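# Inside the fold
What follows is the residue order along each chain.
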Amino acid sequence: MDKEISFTKRCFEQLEPLEKRYRIQDANQRDSVKGLILEIMPSGSKFFRFRRKRLGRDVSVTFGEFPNLTIENARKLAKQTAVELSEGVNPNEAKREQKREAELERELSMTVQELFDVFEVEFKLKVKTNERRPKSLRDIQSLWKAHLQPRVAELQVGDISPLDANNLLKKILISKSVPIRNKCLSLMKSMFNEQEPNPFTKIKKLADVKRERVLTKLEVKNLLEALNHEEQIYQDVIKLLLLTGQRKSCVFSMEWREVDHERGVWIIPTSKMKAKRPHAVPLTVEVMDILKRRSAQAERGEKYVFPASRSLTGHITEKSGKGSFWWRITERAGLRSDEKEQNVTIHDLRRTIASWSVMRGGNIQMTSKLLGHSDISITASTYAHLDVEQVRAELGITTAELMGLNVVESKVDKLVKEIEQLSEEERRELFKNFKLNLTLD
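What counts and how
- Residues numbered from 1 in each chain as written.
- Predicted model: local features only at pLDDT ≥ 70, side-chain atom pairs only at ≥ 80, totals over all residues.
- Heavy atoms only, no water.
- Helix = DSSP H or I, 4+ residues; strand = E, 2+ residues; numbered from the N terminus.
- Contact = heavy atoms within 4.5 Å.
- Areas by Shrake-Rupley, 256 points an atom, 1.4 Å probe, with all protein chains shown as cover.
- Phe/Tyr/Trp six-rings, centres within 6.5 Å; stacked < 30°, edge-to-face > 60°.
- Lys NZ or Arg CZ within 6 Å of the ring centre and 35° of its normal.
- Expected span 1.5 Å × (residues − 1).
- Buried < 20%, exposed > 50% of the residue type's maximum accessible area, 1.4 Å probe, protein only.
- pLDDT = per-residue confidence, 0-100.
- Salt bridge = Lys/Arg side-chain N within 4 Å of Asp/Glu carboxyl O.

### Things to note about the overall build of the protein
A count of helices and strands for the protein gives 18 helices and 8 strands. Long-range contacts, defined as pairs at least 24 residues apart, comprise 52% of the intrachain contacts of the protein with a sequence gap of at least 6. Within the structure as shown, the protein displays about 28,600 Å² of accessible surface, and the carbon and sulfur contribution to it stands at 52%.

Given below as structure tokens:
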């Protein structure tokens, strides 16, 4: 129960704190204001507050601390607040609105660099809680530094209009690719997510022509031969990329604890997967042979399958730039061209094993599981066209039966058709091996 006493400075100075806070009400004086209270905290602090019911609910408004706020001024504020409440105005809501406006004004006065710094800190917290992957953090940091920071870092957040946002992405597209432009859009849209309005909200991603570069048998042969001139660690990592079909980031950071040697399975943890769930990769005999040898040669307590003492990550990395091991290998294998699109990338190895699997009769569902796609539609949109010939062959047999045609294709006929589908390079390689076998016989 609140005590009613006369509000005087001397009285307040004599009030002693208790274990629990307590309140006294302004009363017994001509200038007393009903609803004005002084709350005494266990710490000894004393706060003026005003309490009044509004629409059936208690409303409490804090004015300030005694003696910084005098009794006279507290009473003036109490009378003013009573008038506001009678007119339907809640001072607390007004304060919150003023605070929101002040925060918005402060945010709009930030530079875009400061906005990115805040976004980066929040992203790092999400990495710690496994909401986002460490690689995703490195990607946004690289994207910001290379493509956005030089253009927008010093601009004020509030000065960027939807037109400015659109022009920024147009300038990026002029000198960079569609995927880079789309990634920049995603990053900026996320950074400005809390801003009202977000100038990037209505801008759409551009459709991109999907890369379909797949190595032929001859190109794979040349690639494997080119590996012989490299250090063993680079030979091994390229072979694992080719034979497992997994992403570069996963293979490079492969850890010994992720490998089940008994079952021949590699469990890639959630933290490394785009699909945000663990991914089991079956390991073939060829892959297990590589891992057994690397395990036998690994130093005691080594964490990574492909360690690198000079790397900040502790494992090998690959920027694919000139002078890198991938550049050397593809240059030696004849897989580099003046036309950028014709150059073989590390990701093309993943696409190659998936494409070969489908073309040899494997189904989309199994290929999707191998690649670790979160949705089979992702796999289908990329690889479904490759099994057309399989469908055509089956349809041809069914059509012949329906039409009552007794078409029996000999093994030789089938072989001739398969040879006709080969490229000139593959045919030369085939006949070269055929002649060699005849000579040996």
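### Observations concerning the packing of aromatic side chains
Within this structure, the stated rule accounts for 10 aromatic pairs. With centroids separated by 4.9 Å and ring planes inclined at 70°, the aromatic side chains of Phe7 and Phe12 adopt a geometry described as edge-to-face. A cation sits over an aromatic face here: Arg336 above Trp327, 3.7 Å from the ring centre.

### Side note on helix α9 (residues 232–244)
End to end, α9 covers 18 Å across 13 residues, agreeing with the expected 18 Å (1.5 Å per residue, within 8%). Of all 13 residues in α9, 10 are buried, a share of seventy percent or more.

### Describing the confidence of the model for the protein
Scored by pLDDT, the protein comes out at a mean of 81, with 79% of its residues at no less than 70. Looking at the elements of the protein, mean pLDDT is at its lowest for helix α15 (residues 376–383), recorded as 49, and at its highest for helix α7 (residues 178–191), recorded as 93.

### Comments concerning the pattern of salt bridges
Tallying each qualifying case throughout the model produces 16 salt bridges. Put simply, Asp31 and Arg30 hold a salt bridge, and the shortest N to O gap is 4.0 Å. Residue Asp31 is classed as partly exposed on the basis of its relative accessible area of 42%.

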